[in-house]
Amino acid sequence: AQSVTQPDIHITVSEGASLELRCNYSYGATPYLFWYVQSPGQGLQLLLKYFSGDTLVQGIKGFEAEFKRSQSSFNLRKPSVHWSDAAEYFCAPLRDGGSEKLVFGKGTKLTVNP
Amino acid sequence: DAGVIQSPRHEVTEMGQEVTLRCKPISGHNSLFWYRQTMMRGLELLIYFNNNVPIDDSGMPEDRFSAKMPNASFSTLKIQPSEPRDSAVYFCASSGIDNSPLHFGNGTRLTVT
């Protein structure tokens, strides 16, 4: 069965610092991969997605993610964090074909210090 | 585009009562998903529909939970009877063509006392 691991439950960074959130997936074939962000009291919003092609994908709000097949990883990065980036971030793989359901990681909560 | 609309935003009820959560997906989307979010278990997929037909309900916790999608613009998730352990935030999401991203509603926060 497919699964996704977000090893970091909580990360704290200073405003202006760089950020990398980790995501590892377990699946036989290359899945479609997504990163979502959830602000307090809100639903999840799509940040970016990877289906195929260029392994470095750009998303909204200055985020990017790199797919590394050899490491089964899809880490999210941002060069300079803003206070408004404080939220919870979820990685999710989608199985190729067949079922459309997303399996979400446990999430990483990001705190941004001024 | 009004997005996915869920109602109510908050629901407080007593144990044993019936609870009905409602969802209006984005017009034109043909897949609808119900998720539950708790601190302990994170985001769990309960059930999803494709073209109004339930495809996978393996995440529904038990028979007290039921979901329907009578038409393309409306779905309900019902809990009868409710229990305190059902307290969570319930999200509805919809998507269009295969493998397209999910669009989430703002959720219904359910508290069962």
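See the structure printed just above.
If you're wondering where the values come from, they're calculated on a predicted model, not measured in any experiment.

Q: Where do I start with the overall build of chain B in this structure?
A: Along the backbone of chain B there are zero helices and eleven strands. Mapped from its N terminus to its C terminus, chain B presents α and β elements in the order β-β-β-β-β-β-β-β-β-β-β. For a compact globule of 113 residues, the expected C-alpha radius of gyration is about 13 Å, and chain B comes in at 13 Å, within 12% of that figure. Principal axes of the C-alpha set define a box for chain B whose edges measure 40 × 25 × 25 Å.

Q: Explain the packing of aromatic side chains to me, please; I cannot follow it from the model alone.
A: Each aromatic ring pair is characterised by the separation of its centres together with the angle its planes make. Per the counting criterion, the structure on display carries 16 aromatic pairs over all chains. An angle of 20° between the planes, with centres 6.1 Å apart, marks the rings of A:Tyr25 and A:Phe67 as stacked. A residue pair is termed long-range when its members are at least 10 positions apart, and A:Tyr25 in strand β4 (residues 24-26) and A:Phe67 in strand β8 (residues 64-68) qualify at 42 residues. A:Phe67 matches A:Tyr25 in its accessibility class, with the two residues each being buried. Relative to B:Phe104, the ring of B:Tyr35 lies with its centre 5.7 Å away and its plane at 45°, an arrangement referred to as tilted. Highlighted residues: B:Tyr35 in strand β4 (residues 31-38) and B:Phe104 in strand β10 (residues 103-104), separated in sequence by 69 residues.

Q: For this particular structure, what's the right way to read the interface of chain A and chain B?
A: It is common to report an interface's size as the accessible area lost on association of the parts. Tallying the contact residues gives 20 residues for chain A and 24 residues for chain B. Carbon and sulfur atoms supply 50% of the area buried between chain A and chain B, which totals about 1700 Å² over both sides. Taken together, the connections running from chain A to chain B amount to zero salt bridges. Across the contact surface, chain A and chain B share four residue pairs in polar contact (both at pLDDT 80 or more). Looking at the side of chain A that touches chain B, the elements with two or more residues in it are β5 (32-38), β6 (44-50) and β10 (87-94) of chain A. With four residues, the single largest contributor to the side of chain A that touches chain B is β5(A). Grouping the amino acids of the side of chain A that touches chain B by side-chain chemistry returns ten nonpolar, five polar and five charged.

Rules of the game
- Residues numbered from 1 in each chain as written.
- Chains lettered and ligands numbered in written order.
- Predicted model: local features only at pLDDT ≥ 70, side-chain atom pairs only at ≥ 80, totals over all residues.
- Heavy atoms only, no water.
- Helix = DSSP H or I, 4+ residues; strand = E, 2+ residues; numbered from the N terminus.
- Rg over C-alpha atoms; globule rule 2.2 N^0.38 Å.
- Phe/Tyr/Trp six-rings, centres within 6.5 Å; stacked < 30°, edge-to-face > 60°.
- Buried < 20%, exposed > 50% of the residue type's maximum accessible area, 1.4 Å probe, protein only.
- Contact = heavy atoms within 4.5 Å.
- Buried area = accessible area lost by both parts, 1.4 Å probe.
- Salt bridge = Lys/Arg side-chain N within 4 Å of Asp/Glu carboxyl O.
- Polar contact = N/O pair within 3.5 Å; in protein donor to acceptor, adjacent residues only side chain to side chain.
- Nonpolar A, V, L, I, M, F, W, Y, C, P; charged D, E, K, R; others polar.

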